[in-house]
Amino acid sequence: MTRRFNLPRFGFGASGLGNLTRTVSDVEAHETLQTAWDGGLRYYDTSPLYGFGLSELRVGTFLRGKPRDEYVLSTKVGRYLVPPRGRTYDHGMWSAPLDLMPVLDYSYDATMRALEQSHSRLGLADIDIVYIHDIDRRNLGADFDRHFRIALQGAYRALDELRSQGVVKAIGIGVNESEVAADFMAETDLDLVMLAGRYTLIEQPAIADCFPMAHKKGVGIVNVGVFNSGVLAKGVSSATYDYGAVPRDVVEKVQAIENICNRFDVDMPAAAAQFSLGHPVVAAVVFGMTRPESVTRTLSYLDTPIPVDFWQALVEEGILAGDVPLPAPALD
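All values derive from a computational prediction rather than experimental measurement. (Residues numbered from 1 in each chain as written. Predicted model: local features only at pLDDT ≥ 70, side-chain atom pairs only at ≥ 80, totals over all residues. Heavy atoms only, no water.)

**Structural notes on the nonpolar core**
With 105 residues, the main nonpolar core has Phe12, Tyr44, Ile132 and Leu201 as its most contacted residues. For this core, the element with the most residues is helix 5 (residues 144-164), which contributes eight residues. With near-sequence residues (within four places) excluded, Ile132 lies in contact with Val77, Tyr106, Ala151, Ala155, Tyr156, Leu159, Gly172, Ile173, Gly174 and Phe184. Judged by nonpolar contacts, the second largest core, of 14 residues, contains Tyr43, Val72, Tyr131 and Met194. (Core = buried A, V, L, I, M, F, W, Y, C linked by side-chain atoms within 4.5 Å. Buried < 20%, exposed > 50% of the residue type's maximum accessible area, 1.4 Å probe, protein only. Helix = DSSP H or I, 4+ residues; strand = E, 2+ residues; numbered from the N terminus. Contact = heavy atoms within 4.5 Å.)

**With respect to the pairing of strand 8 (residues 192-196)**
Summarising burial for strand 8: five of the five residues are buried, a large majority. The side-chain alternation of strand 8 yields two buried faces, one formed by Leu192, Met194 and Ala196 and the other by Val193 and Leu195. Sheet topology places strand 7 (residues 170-175) next to strand 8; four bridges connect them, and they run parallel. Its bridge partner being in strand 8, Val175 is matched across the sheet by Leu195. (Pairing = 2+ DSSP bridges.)

**A few points about the side chain of Glu28**
Looking at the element boundaries, Glu28 is found in helix 1 (residues 26-38). According to the relative accessible area criterion, Glu28 is buried, its value standing at 19%. Those residues in contact with Glu28 that sit more than four places away from it in its chain are Arg22, Thr290, Arg291 and Pro292.

**Examining the pairing of strand 6 (residues 129-133)**
For strand 6, the tally of buried residues reaches five of five residues, placing the bulk of the element in the interior. Burial of strand 6 is two-sided: the residues Ile129, Tyr131 and His133 facing one way and the residues Val130 and Ile132 facing the other way are all buried. Where strand 3 (residues 72-77) meets strand 6, four bridges bridge the pair, whose relative direction is parallel. Residue pairing across strands places Ser74 opposite Ile129, the latter belonging to strand 6. With five bridges joining them, strand 6 and strand 7 adopt parallel strand pairing. The residue of strand 7 that forms the bridge with Ile132 is Ile173.

**Description of the sheet that holds strand 6**
Spatially, eight strands are ordered 1-2-3-6-7-8-9-10 in a closed barrel, and the strand pairing comes out parallel. Averaged over neighbouring strand pairs, the angle between their axes works out to 25° when direction is ignored. (Axes fitted to C-alpha atoms, helices over the stretch in contact; angles between N-to-C directions.)

**Concerning the side chain of Glu56**
Tracing the sequence through the fold places Glu56 in helix 2 (residues 54-63). Of the residues examined, Glu56 reaches a relative accessible area of 0% and is grouped as buried. Reaching out from Glu56, the side chain makes a polar contact with the side chain of Ser118 at a distance of 2.7 Å. Beyond its immediate chain neighbours, meaning those up to four positions away, Glu56 contacts Thr46, Ser47, Pro48, Thr75, Ser118, Arg121 and Leu122. (Polar contact = N/O pair within 3.5 Å; in protein donor to acceptor, adjacent residues only side chain to side chain.)

**Some thoughts on unusual backbone geometry**
Notably, Thr21 is not glycine yet its phi reads approximately 70°, a positive angle. As for its position among the elements, Thr21 is in the loop between strand 1 (10-13) and helix 1. Here the phi dihedral of Ser229 falls at roughly 65°; this positive angle occurs in a residue that is not glycine. Here Ser229 shows up in the loop between strand 9 (220-224) and helix 8 (231-234). With relative accessibility at 25%, the residue Ser229 sits in the partly exposed group.

**Observations regarding helix 6 (residues 178-187)**
Residues of helix 6 that are buried include every one of Ser178, Val180, Ala181, Ala182, Phe184 and Met185, and no others. Those residues of helix 6 hidden inside the fold are in contact with strand 6, helix 4 (137-140), helix 5, strand 7, strand 8 and helix 7 (210-217).

**Description of helix 11 (residues 292-303)**
Given 3.6 residues per turn, any residue in an α-helix points the same way as the ones three and four places further on. Over its twelve residues, helix 11 runs 18 Å from end to end, which matches the ideal 16 Å to within 8%, given 1.5 Å per residue. Here helix 11 has its buried residues at Pro292, Ser294, Val295, Thr298, Tyr301 and Leu302. (Expected span 1.5 Å × (residues − 1).)

Here it is, written out as structure tokens:
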């Protein structure tokens, strides 16, 4: 499969540096980014939504000290930020965001405004990749259809123009739903799709819709949320699934995976990390990390030898379908 835009195989996801569910100090954020850089990570992904600008500020502060030709940077559009001026607004999962209010808007003008703001927060003239963020039913609910059409006519048109002018190198969408990704690819000319949580050890719905369309159109998949927001890293007793309570069927599946991991003496998060790279349409996997030790630990997962028999056991016990590509015994 020939891809339009080549990425480093692994990337750093900076949502947590926007204080997602916990407050991260500036010092810890810098140390985490430095550990990622020292570990060889050269793709960094952020968004205005992450801490309402805080993640972009931190990522930009760090990357401004690095040679521009040595890393790839992506951010997102779909929201711009304004002073609240007395208006109340929901902080969502952000424990201590900046005091700026996100405005959801996928129009052409709002896209240009959002991207200009991102350049200012990052302090960088060049952004390699821009994704249209959260254009899915999970985030937009009953208003999904209207926003989807606006994004096609507005945000996508704006980014397509910027790509044709050489202002950005690649464009894409960042979504949680594989069928929405397939529909958007069918109507556009994307380079990348950042897909969250839909190709993991727990579930692989993307194989039915998103991945075939990506293969057909030469779109690279950036696989994120590969621990399903924690349950594949921490187990069912101390984690969440898609940032909420872990459903009973997921509990049972994770427990079955844990049993096979114990049988083969394999760390479940190492298996989850390596599985996430196994499909040929996956161009890169981005891991969200907020502590230096979590960076070191995640990089070690990618080097952990995992026997072929382990993957075959997952198939034999019905965890993975027989047509799911299995990873190689170890990754380079």
